[in-house]
Every structure is written in C-alpha cells, then in structure tokens.
Amino acid sequence: MHDPKYLRENTGLIRTALGARGRDVPWDAVQKLSEERRALTTQVEQLRHELKKGSDDVARRRRTGEPTDEAVEAMKRVGDRIKEIEGRLRETEDALNDLALRIPNLPHQTVPQGSDSTHNVEVRRWGAVPSFAAPPKPHWEIGEALGILDFDRAAKIAGARFALLRGAGARLERALIDYMLDLHTTGHGYQEVLPPVIVNRQTMTGTGQLPKFEDDLFRLRDEDWFLIPTAEVPVTNLHRDEVLGEDVLPLRYTAYTPCFRREAGSYGKDTRGLIRLHQFNKVELVAFTTPEQSYQELERLTGHAEVILQSLNLPYRVVALCTGDLGFSAAKTYDIEVWLPSQGQYREISSCSNFEAFQARRANIKYRPARKDAKPDFVHTLNGSGLAVGRTMVAILEHYQQPDGSVLIPEALRPYMGGKERLTKE
RNA sequence: GGAGAGGUGGCCGAGUGGCCGAAGGCAACGGUUUGCUAAACCGUCGUAGGGGCGAAAACCUCUACCGAGGGUUCAAAUCCCUCCCUCUCCGCCA
C-alpha cells in the first residue's frame, strides 16, 4: 500500500512509475475518492467540534440552572448531520481503501525496465552446467524407479499436483529441511520460527496476498481462514501492529512450512513431477530492517539462499526481475534459478525480494529510530526462499543421477541421511 | 461445547455519563545536584488524520483513537447489543 497522502497528491506520478503494472487501476476514481475523503473528513471534524462545544454548553447550563432545551435541540440537529456525513465518509473510505489495496508497489530505480520475463537481467552465474553421456532423465522417472516418489498414489489420496515421498525420499526431504534451517540459524544468524500455516484475512492482507489474489489461495470452508502460500505471510505478520526498537533491527527469521497454492491458471504447466504442486515444503528467510539498510539486506539474504546451492554443488544463476515481471508487493526481486539437466534450462528455486515499506504500511509494522527526536517510521520487509525444498530435491535427483539408476547424495547432506551416500532402489 | 472473569498509553494500573487523551506508578529522555555511580528534585514523555503553512522540518490548532463494530444520549473509556481475543473452572478430544 502506498502512503495515502502521497497517493492523493501524486496519483499521476505513481501511475506513470507503475506503467503497465498499473493498467488495471481505475486512477480517476482513486484521485476522486482521495479528494472526496479529505473534503468529507474536514466537514465531519468541523461539525464534531461544534457538537463538542455545544455539549459543554449544555453541561454548563445545567450547572447554573439555565434552560437547555434550545441548545439540546440544536445539538440534535448537528448530531444528525454528523451521522449523515459520516455515512458518506465511510462509503468513500471503504471504496478508496479497496482500490488502494490493489495498487502494486513501485519498482526501485535499479530494477531493469521491461514488459515480461524475457527482459529480466542475469546478474551472475555459479557452477558449471554438467554434461551427461546419456540424456539425463527427468526427476520423476528417477524417483519412481527408485521407489521414493509415488505420484499415482498421491493422486488417489488427494488429486493431481500432489506428491507422496517414501523411504529415503521422505528422509531426503526432511534432511534438506534440517540442513537448510541449521545453516541459516547457525551460520547466518536467523532465528527459527515454526508458525501456523492457517492464517486469517488480515494477515493475508498485510503481506499483499489479499484482496487481489484470493483465487490463488486455499480457503477454509467454515471460517475466514486461509492456507498460507508461503511462510512469508505468517512470519512477516509476526510483528503486525508493533513498534520495534531500532536496536533489534535487522531482525532475521527463518521458517520451515508447507506451502499451499491453488495454481489456478497454470493448467498444462509443469504437470509432471515435483515442480508445481498444490502442497510443497519451503524454508523461508524473512528480514525486517530500517529503510537505510534494506537494499544491503536484500543482497545478503539472496547470498544466504545461494550458499545452500553452492554447498550442494548445484549450478545456478541469479536474475534481476524486470519491472514487468515484478510481483505485486515487491520493489525489487532477484530470482535464483537452478540448472535442471532434464529440461536443459534454469528454473526458479528461490525468489528474494525487498518490499520496502509496502507490506509494513499494510501490516502497520514500525520501528522507533535510535535518534531521540525521530518519530516511529515503517520498517522495510524482505523475504526469500532459502530454498524451495521440493525443487531442491528435483535438482539433486537430476544432477546426481548415475548411469545405474542410483543417485549420489551430496556430501553436505550425508550427515542428515544417517551417513547414507547413495539412493538405491527400495 | 457449558459457566464465569477480563481487555485502558512502552509496561503496571485508576477511572460507572459532562471539568477524561485519560489519575498515579514504572520505564525512557532532557536538566539540576554529584569526584563517579546511585538517589533525590524539576521538566519532557502516544499514534493518526485535517487545517495554519509552505519543498521540508519545527511549531500552533482542530478531530479521532480506552480490543473491533454498531446502538442509546445534547454528551460515552463509562450504559446497551454483536463480534474478536485472553484468563479460570467443567465437559470433550488430541
């Protein structure tokens, strides 16, 4: 959400800066409602002032024994008038609020211009793309042959886009979660949290999933509750309606959660395998910083996600999303893409974003600057996957596949696999 | 699920219709005192919106906010209703 005052006074500027990303926004209505709101607010406040004074006068008359009937009658009329204008004000505010919550964040100056993902800019590459003697198999073939992946039974239990892990596959998933959490807590200074994966509407609104993207979420039937699409949602909202001391910033959390996505509109994409599921596991990194620190923090946080891939020896590249590919709430995003041998291309395995004050304003998360005369200000929030666990499993299966059908376990994970060095048929 | 208690400023806590944005205390900040620390004393000490008023800050002023939303009343932290949350007891379940 944008600063309401800035939005009112600079509607045109925001509109221009958003370009194509703001084409759904009814800008004229935003402008009109903004101004209407201010006008009605002024009116109501003046009338309330009148009412206050009048009521004090009634009290004074009662004490001195003067007649009050006339003053009471007059204040009755003022009260009626206030109610009427308040009604209009509320309608205006509701309408404006609903629109304002659907305006995307402004891109940072360093975000490359572009209309879609083809204009994203590769920032760096790490690791060598491997070559295989025979064409590398896709992970689902490897996993099913080993007996560690079972999509048929997952479909029976739940439906399409679900997976069942078995034996060493289940263990590997758990090992990855443990490994990532350990690295981020012990190595990178994040505090681990294990949040609820069901959240309320206000929480979903705080991070920007609602009101615009309700169709992408699973919603519970009898309550106004939603399944989280990412740990970003509960973890960022940890500090909703709080004022943090500057001394606790930057605040860094890591969380493992399952994530749930309806994947509406992605029919036909990645229908096989673990790439795109309704339920998947992710280890998330979340940070709260001062406005001055947030871009430095974005680089750090992205680096923390990269370390996981490096330590697993999986080649990847980092891509800066262009203005047209940027998510709704983000001011700047780096995607980390891992090389998938069977597809012969880099695929997203992490997305690291700085939201600046966009989420903080929605969720009312502030900090009190150390400077004594400074007023509380909104923090900047950031988050990134560190990493998507299922997709890491995909990369491992494909990269470490052997001609005999077995899969080597990356050395870093072996302590988490009871010393096991290789996945073999179960 | 049943019965009861409660939600007030950063924290504790008073306040059952007007003089209450809210006593008092703690914490914090500035100062006096002090060899230093502590204590004592004085002062400051919420957030948001509108206006004065501009590029902005500061300042002044008005309005709102005592869990949320409605209602009663000339006037609501205070009375009524609904909802949310916390706590205690009972039941049930993991």
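Note that this is a predicted model, so its numbers are computed, not measured.

A closer look at the sheet that holds strand E11 (residues 365–368)
Then, in step 1: The strand order E5-E11-E12 describes an open sheet built from three strands, whose pairing is mixed. With one partner strand each, in any of the chains shown, strand E5 (242–245) and strand E12 (377–378) form the two edges of the open sheet.
Then, in step 2: Pairing of E11 with E12, which is carried by two bridges, proceeds in the antiparallel orientation. Looking at E12, one finds that Lys366 is bridged to Phe378.

Looking at the packing of helix H7 (residues 168–187) against helix H10 (residues 294–311)
Then, in step 1: Between H7 and H10, whose axes approach to 11 Å, the crossing angle comes to 130°. It follows that H7 is oblique to H10 by the angle criterion. In this structure, H7 crosses over H10, and the sense of that crossing is right-handed. Contacts from Tyr179, Met180, Leu183 and His184 in H7 reach His304, Val307, Ile308 and Ser311 in H10.
Then, in step 2: Of the residues contributing to the contact of H7 with H10, the split by class is five nonpolar, three polar and no charged.

Examining the pairing of strand E6 (residues 251–260)
Then, in step 1: Among the 10 residues in E6, nine count as buried, and that is most of the element.
Then, in step 2: Sheet topology places strand E2 (residues 191–193) next to E6; three bridges connect them, and they run parallel. Each residue of the ladder has a partner; that of Gln191, found in E6, is Tyr253.
Then, in step 3: Direction of pairing for E6 relative to strand E7 (residues 279–289): antiparallel, over a ladder of 10 bridges. Of the residues in E7, the one forming a bridge with Tyr256 is Val283.

Regarding the domain arrangement of chain A
Then, in step 1: For chain A, the assigned domains are domain 1 (4–100) and domain 2 (117–423).
Then, in step 2: Distance from the C-alpha centre of domain 1 to the C-alpha centre of domain 2: 44 Å.

Observations concerning the pattern of salt bridges
Then, in step 1: As enumerated under the stated definition, the model contains 28 salt bridges in all.
Then, in step 2: Between Arg201 and Asp224 there is a salt bridge, and its shortest N-O distance comes to 2.7 Å. In this pair, Arg201 sits in helix H8 (residues 201–207) while Asp224 sits in the loop between H8 and strand E4 (225–227), placing the two residues 23 residues apart along the sequence.
Then, in step 3: One salt bridge in this structure joins Arg347 and Asp270, with 3.0 Å as the shortest N-O distance. Within this pair, whereas Arg347 is found in strand E10 (residues 345–356), its partner Asp270 is found in the loop between E6 and E7, the two being separated by 77 residues in sequence.

Quick look at the environment of Ser342
Then, in step 1: By the secondary structure assignment, Ser342 is in the loop between strand E9 (332–340) and E10.
Then, in step 2: The sequence separation of Ser342 and Ala264 amounts to 78 residues, and the corresponding C-alpha distance is 26 Å.
Then, in step 3: Not counting the four nearest positions on each side in its chain, Ser342 is found in contact with Pro136, Lys137, Pro138 and Glu398.
Then, in step 4: A polar contact of 2.9 Å, which involves the side chain of Ser342, links it to the side chain of Glu398.

Comments concerning helix H5 (residues 139–146)
Then, in step 1: Within H5, burial applies to His139, Trp140, Ile142, Gly143 and Leu146. One side of H5 carries all its buried residues, which in axial view fall inside an arc of 160°.
Then, in step 2: Just downstream of H5, Gly147 is the residue with a positive phi angle, here 80°.

A few points about the nonpolar core
Then, in step 1: If you look at the biggest cluster of nonpolar residues, it comprises 53 residues, and the most contacted ones within it are Leu176, Leu309, Leu312, Leu314, Ile336, Leu413 and Leu423.
Then, in step 2: Top contributing element to this core by residue count: H7, with eight residues.
Then, in step 3: Residues in contact with Leu314, not counting those within four places in the same chain, are Trp126, Leu309, Val338, Thr392, Ala395, Ile396, His399 and Tyr400.

Concerning the packing of aromatic side chains
Then, in step 1: Inspection of every chain in the model, using the stated rule, returns six aromatic pairs.
Then, in step 2: When the ring of Phe213 is compared with that of Phe328, the centres are 5.4 Å apart and the planes differ by 75°; the resulting orientation is edge-to-face. One end of the pair, Phe213, is in the loop between H8 and E4; the other, Phe328, is in the loop between strand E8 (316–320) and E9, and 115 residues separate them in sequence.
Then, in step 3: Accessibility expressed as a relative area gives 28% for Phe213, which makes it partly exposed.
Then, in step 4: You can call Phe328 buried: its relative accessible area is 11%.
Then, in step 5: Where Phe328 meets Phe358, the ring centres are 5.6 Å apart and the plane angle is 80°; that geometry is what we call edge-to-face. Note that Phe328 is positioned in the loop between E8 and E9 and Phe358 in helix H11 (residues 358–363), a separation of 30 residues in sequence.
Then, in step 6: An aromatic cluster is present here, built from Phe213, Phe328 and Phe358 joined pairwise through their rings.
Then, in step 7: Note that Lys366 overlies the ring of Phe378, its terminal NZ or CZ placed 5.0 Å from the centroid.

Let's talk about the protein's contact with RNA strand B
Then, in step 1: Neighbouring RNA strand B are 20 residues; Arg38, Glu45, His49, Arg62 and Arg90 lie closest to it.
Then, in step 2: With respect to RNA strand B, the side chain of Glu45 contributes an N or O atom lying 2.8 Å from a base nitrogen.
Then, in step 3: Elements that contribute at least two residues to the surface near RNA strand B include exactly helix H3 (27–64) and helix H4 (69–100).
Then, in step 4: The leading source of residues in the surface near RNA strand B is H3, at 11 residues.

Analysis parameters
- Residues numbered from 1 in each chain as written.
- Chains lettered and ligands numbered in written order.
- Predicted model: local features only at pLDDT ≥ 70, side-chain atom pairs only at ≥ 80, totals over all residues.
- Heavy atoms only, no water.
- Pairing = 2+ DSSP bridges.
- Helix = DSSP H or I, 4+ residues; strand = E, 2+ residues; numbered from the N terminus.
- Axes fitted to C-alpha atoms, helices over the stretch in contact; angles between N-to-C directions.
- Parallel < 35°, antiparallel > 145°, perpendicular 65-115°, else oblique.
- Left-handed = near helix turned anticlockwise from the far one by under 90°.
- Contact = heavy atoms within 4.5 Å.
- Nonpolar A, V, L, I, M, F, W, Y, C, P; charged D, E, K, R; others polar.
- Buried < 20%, exposed > 50% of the residue type's maximum accessible area, 1.4 Å probe, protein only.
- Domains from an automatic or database assignment.
- Salt bridge = Lys/Arg side-chain N within 4 Å of Asp/Glu carboxyl O.
- Polar contact = N/O pair within 3.5 Å; in protein donor to acceptor, adjacent residues only side chain to side chain.
- Arc of directions from axis to C-beta.
- Core = buried A, V, L, I, M, F, W, Y, C linked by side-chain atoms within 4.5 Å.
- Phe/Tyr/Trp six-rings, centres within 6.5 Å; stacked < 30°, edge-to-face > 60°.
- Lys NZ or Arg CZ within 6 Å of the ring centre and 35° of its normal.
- Near = heavy atom within 4 Å.

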